[in-house]
Amino acid sequence: MDAPDHYLERGASWCALLYGPGFAVLGALAEWAIGGPVHVFAWVLAGLGLAAITAPWIHARRRFFTVRVTPTALWQGREELPIGRIAEVTDVGLPAGARVLGGGWSAPRKYDEIPIRLDDDSVVLAWAREGAALRAAIRSVKGWSP
């Protein structure tokens, strides 16, 4: 059984699969509303096609942009950082060239950057949509006061 999550931020929601079929339904309704022929087969193919190209995008975002804090680890995408290695999450400066967790060259766009000092005094860059919530979750797991 997996350890409970103290913080979980999925990279994308599977609900995005409904956008393509929803667009197709709106297109078919628009054809029906103007009184022309409704191309049901074409709209079904369009909806399924859009859902088919959306599925790999969602899968990739969930794989590489998921942020998770468990009692034992901080997960950034597919990279695991043991909680025991984290020495500080507040008042940490970000030196040039700090390694970005998750394997990218920089934090993903529209994500907050959270510098983390490790037990060997090196600094790595974590990221999350809600930086304050990620900091709070790490502090909670470590047993540090807020």
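Located above this text is the structure these notes cover.
The structure presented is a predicted model; accordingly, all values stated were derived computationally and were not measured.

Draft legend 1. A look at the sheet that holds strand 5 (residues 86-88). Spatially, 5-7-8-6 is the arrangement adopted by the 4 strands of the open sheet, whose pairing is mixed. Each of the sheet's edge strands pairs with one partner strand only, and the pair in question is strand 5 and strand 6 (99-100). Of the pairings in the sheet, the one linking strand 7 (residues 112-118) to strand 8 (residues 123-128) comprises 6 bridges and is antiparallel in character. Paired with Ile114 across the two strands is Ala126, which belongs to strand 8. The sheet contacts of helix 3 (residues 131-142) involve strand 5, strand 7 and strand 8, and relative to strand 7 the element is tilted by about 25 degrees.

Draft legend 2. Quick look at the packing of helix 1 (residues 19-33) against helix 2 (residues 40-64). Where helix 1 meets helix 2, the closest approach of the two axes is 7 Å, and the angle between their N-to-C directions is 160 degrees. Taken together, helix 1 and helix 2 sit at an angle that is classed as roughly antiparallel. Our pair here, helix 1 against helix 2, has a crossing hand that is right-handed. Residues Gly20, Pro21, Phe23, Ala24, Gly27, Ala28 and Glu31 of helix 1 lie in contact with helix 2, whose contacting residues are Trp43, Gly47, Leu50 and Ala51. For the contact of helix 1 with helix 2, a count of residues per class yields 7 nonpolar, 3 polar and 1 charged.

Draft legend 3. The arrangement of the packing of aromatic side chains in detail. For the structure shown, the criterion picks out 4 aromatic pairs. Ring geometry for Phe23 and Trp43: centres 5.9 Å apart, planes at 75 degrees, overall edge-to-face. Pair noted here: Phe23 is in helix 1 and Trp43 is in helix 2, with a separation of 20 residues, a long-range link. Given a relative accessible area of 48%, Phe23 falls into the partly exposed group. The interplanar angle of 85 degrees and the centroid separation of 6.1 Å between the aromatic rings of Phe65 and Trp127 together place this pair among those described as edge-to-face. Highlighted residues: Phe65 in the loop between helix 2 and strand 2 (67-69) and Trp127 in strand 8, separated in sequence by 62 residues. Classification of Phe65 as partly exposed rests on a relative accessible area of 24%.

Draft legend 4. Spatial organisation of the pattern of salt bridges. Following the criterion strictly, the structure yields 6 salt bridges and no others. As a salt-bridge pair, Arg68 and Asp5 come within 2.5 Å of each other at their nearest N and O atoms. Here the residue Arg68 occupies a position in strand 2, and Asp5 occupies one in the segment before strand 1 (7-9), the gap between them amounting to 63 residues. Counted as one network, the salt bridges with shared partners bring together Arg85, Asp119 and Asp120.

Draft legend 5. Inspection of the pairing of strand 7 at higher detail. Taken together, the 2 bridges between strand 5 and strand 7 define a ladder with antiparallel strand orientation. Looking at strand 7, one finds that Ile86 is bridged to Leu118. Between the antiparallel neighbours strand 7 and strand 8 lie 4 residues, among them Asp121 with a positive phi of about 70 degrees.

Scoring rules and cut-offs
- Residues numbered from 1 in each chain as written.
- Predicted model: local features only at pLDDT ≥ 70, side-chain atom pairs only at ≥ 80, totals over all residues.
- Heavy atoms only, no water.
- Pairing = 2+ DSSP bridges.
- Helix = DSSP H or I, 4+ residues; strand = E, 2+ residues; numbered from the N terminus.
- Contact = heavy atoms within 4.5 Å.
- Axes fitted to C-alpha atoms, helices over the stretch in contact; angles between N-to-C directions.
- Parallel < 35°, antiparallel > 145°, perpendicular 65-115°, else oblique.
- Left-handed = near helix turned anticlockwise from the far one by under 90°.
- Nonpolar A, V, L, I, M, F, W, Y, C, P; charged D, E, K, R; others polar.
- Phe/Tyr/Trp six-rings, centres within 6.5 Å; stacked < 30°, edge-to-face > 60°.
- Buried < 20%, exposed > 50% of the residue type's maximum accessible area, 1.4 Å probe, protein only.
- Salt bridge = Lys/Arg side-chain N within 4 Å of Asp/Glu carboxyl O.

Limitation: the analysis is restricted to geometry and does not speak to function.
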